[in-house]
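The residues making up each chain are set out below.
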2 protein chains.
Amino acid sequence: MPTIRKRSRKRDAILQCLSGTTTHPTAEWIYNELKPDIPDLSLATVYRNLAMFKQAGQIESVGVFGGLEHFDWRTEPHAHLVCRCCGAVIDAEGIELPSALITQLEETSGVRVDSCRITLQGLCPACTQQA
Amino acid sequence: MPTIRKRSRKRDAILQCLSGTTTHPTAEWIYNELKPDIPDLSLATVYRNLAMFKQAGQIESVGVFGGLEHFDWRTEPHAHLVCRCCGAVIDAEGIELPSALITQLEETSGVRVDSCRITLQGLCPACTQQA
DNA sequence: TCTGTAATTGAGAATGATTCCTATTTTGAG
DNA sequence: CTCAAAATAGGAATCATTCTCAATTACAGA
């Protein structure tokens, strides 16, 4: 598992692309976004850098939906909603677990909790209106 | 998307295998579990039936961890913990969102919420002790 | 119980996201 | 400016999952 040691124009562009959108994109989405400006960008580079950013804690994986891993540059805990109609992944504000529940779980079951991922399934605002 | 219309010995065995464990297994785990007793079982049949059970609401997907989709026969809402050390997926009792938060989200953001998946990352009891 | 048809299955090919390989290019400390 | 280490391109390889289709099986009706 390689670590980040140097900068590169492409590495910066990938992180900037991710932090410039709220769409929680996949590796391929980022690749297609950057390809016009960086014609010799390789898809492998996008995957490689996303993995390194993730390991470094600079970005997070939102999860795998429809076989595609989605990423998020916001690393503070927050929930997401995946639209079952259009597949969009959007932030869900204000959704969080009472921390007392986590503490209680750790004390009663002997597990250790590092982080929590909350994913709602439903319809995004646009698809809710059409329904 | 095919629907379940008939029974079969293999189909029953797959569901029974899943409901007889608390390990939230993958398709391949179930296949390996059943193969000795059903030598002509095909991995494709396991995948096919899991997909049909899922669509029928008889089982649920817990999520994709390490590239492998894990399934659960318990369909009532409950959270899970994925061990970052051994990869085990275990039930996390008592972890649930206050329903008022969901209601509030629906009213303020215009989304529709069908269900919720809560996944904790951390250490299972066994790995917590070794740490 | 027998029959016919539609559902189910096995086995392997196909798919598609992700990772690996390695020769080449780039970065950055000194 | 130099040079070793890090990063990259591009295409092959991997691996979970899905598809194909001929053969098998379930089961409603006779």
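None of these values were measured; they are calculated from a predicted model.

J.: Mind showing me how you'd approach helix H2 (residues 27–34) of chain A here?
T.: Residues lying three or four places apart along an α-helix face the same way, a consequence of the helix completing one turn every 3.6 residues. Residues and elements named next belong to chain A. All of the buried residues in H2 are Ala27, Ile30, Tyr31 and Leu34. Buried residues in H2, looked at end-on, bunch into an arc of 100°, giving them a common side. Its buried side turned inward, H2 meets helix H1 (9–19), helix H3 (43–55) and strand E2 (68–72).

J.: Explain the packing of helix H1 (residues 9–19) of chain B against helix H2 (residues 27–34) of chain B to me, please; I cannot follow it from the model alone.
T.: Residues and elements named next belong to chain B. H2 packs onto H1 with a crossing angle of 110° between their chain directions and a minimal axis gap of 10 Å. Classified by the angle between their axes, H1 and H2 sit roughly perpendicular to one another. Residues Ala13, Ile14, Cys17 and Leu18 of H1 pack against Trp29, Ile30, Glu33 and Leu34 of H2. When grouped by side-chain class, the residues that make up the contact of H1 with H2 number seven nonpolar, no polar and one charged.

J.: Got a minute to help me understand the pattern of salt bridges in this structure?
T.: Close approach of charged atoms lets side chains of opposite charge pair. Scanning the model with the defined rule gives 14 salt bridges over all chains in all. Ionic pairing is found between Lys10 of chain A and Asp40 of chain A, a salt bridge with its closest N-O pair at 3.3 Å. Here the residue Lys10 of chain A occupies a position in helix H1, and Asp40 of chain A occupies one in the loop between H2 and H3, the gap between them amounting to 30 residues. Here Asp40 of chain A falls in the exposed class, since its relative accessible area comes to 56%. One salt bridge connects Glu76 of chain B with Arg74 of chain B, and the closest N-O pair in it is separated by 2.8 Å.

J.: So what exactly am I meant to see when it comes to the interface of chain B and chain A here?
T.: Listed as interface residues are 32 residues of chain B and, on the opposing side, 32 residues of chain A. Together, Arg112, Arg117 and Gln121 of chain B form the three largest contributors to the area buried by chain B at its contact with chain A, with a combined 20%. Counting across the interface, chain B meets chain A through two salt bridges. Between Arg84 of chain B and Asp114 of chain A there is a salt bridge; the shortest N-O distance is 2.5 Å. Counting the contacts that link chain B with chain A gives 12 residue pairs in polar contact (both at pLDDT 80 or more). With 12 residues, the single largest contributor to the side of chain B that touches chain A is strand E5 (residues 112–123) of chain B. When grouped by side-chain class, the residues that make up the side of chain B that touches chain A number 18 nonpolar, eight polar and six charged. Here 11 bridges tie strand E5 (residues 112–123) of chain A to E5 of chain B, and the two strands are oriented antiparallel to one another. Across the sheet, the residue bridging to Leu120 of chain A is Cys116 of chain B, located in E5 of chain B.

J.: In this structure, what is going on with empty space enclosed by the protein? I would like to understand it.
T.: With a probe scaled to a water molecule rolled over the atoms, the places where space remains empty come into view. Within the structure shown, the criterion is met by two cavities of 30 Å³ or more. Within this model, the largest cavity holds a volume of roughly 90 Å³. Taken together, Val62, Gly63, Val64, Phe65, Arg117 and Thr119 of chain A together with Val62, Gly63, Val64, Phe65, Arg117 and Thr119 of chain B form the lining of the largest cavity. Those elements giving two or more residues to the lining of the largest cavity turn out to be strand E1 (60–65) and E5 of chain A together with strand E1 (60–65) and E5 of chain B. Residue composition of the lining of the largest cavity, by class: six nonpolar, four polar and two charged. Looking at the second largest cavity, its volume works out to about 50 Å³. Lining the second largest cavity are Leu18, Thr21, Thr22, His24, Pro25, Phe71, Asp72, Trp73, Arg74 and Asp91 of chain B. Taken together, the residues that form the lining of the second largest cavity break down as four nonpolar, three polar and three charged.

J.: Honestly, the domain arrangement of chain A in this entry has me stumped. Any pointers?
T.: Residues and elements named next belong to chain A. The domain boundaries assigned to chain A delineate domain 1 (1–75) and domain 2 (78–131). Distance from the C-alpha centre of domain 1 to the C-alpha centre of domain 2: 22 Å. Residue-level contacts link 10 residues of domain 1 with nine residues of domain 2. For the pair domain 1 and domain 2, the summed buried surface comes to about 790 Å²; carbon and sulfur atoms form 53% of the total. With a closest N to O distance of 3.4 Å, Arg74 and Glu93 form a salt bridge. Where domain 1 touches domain 2, the interface holds eight residue pairs in polar contact (both at pLDDT 80 or more). When contributions to the side of domain 1 that touches domain 2 are tallied by element, the ones reaching two or more residues are E1 and E2. No other element matches the four residues that E1 contributes to the side of domain 1 that touches domain 2.

Rules of the game
Residues numbered from 1 in each chain as written. Chains lettered and ligands numbered in written order. Predicted model: local features only at pLDDT ≥ 70, side-chain atom pairs only at ≥ 80, totals over all residues. Heavy atoms only, no water. Buried < 20%, exposed > 50% of the residue type's maximum accessible area, 1.4 Å probe, protein only. Helix = DSSP H or I, 4+ residues; strand = E, 2+ residues; numbered from the N terminus. Arc of directions from axis to C-beta. Contact = heavy atoms within 4.5 Å. Axes fitted to C-alpha atoms, helices over the stretch in contact; angles between N-to-C directions. Parallel < 35°, antiparallel > 145°, perpendicular 65-115°, else oblique. Nonpolar A, V, L, I, M, F, W, Y, C, P; charged D, E, K, R; others polar. Salt bridge = Lys/Arg side-chain N within 4 Å of Asp/Glu carboxyl O. Buried area = accessible area lost by both parts, 1.4 Å probe. Polar contact = N/O pair within 3.5 Å; in protein donor to acceptor, adjacent residues only side chain to side chain. Pairing = 2+ DSSP bridges. 1 Å grid on protein atoms, 1.4 Å probe; cavity = no way out; pocket = protein on both sides within 12 Å on 5 of 7 lines; lining within 4 Å. Points joined across faces, edges and corners; volume = space filled by probe spheres on them. Domains from an automatic or database assignment.

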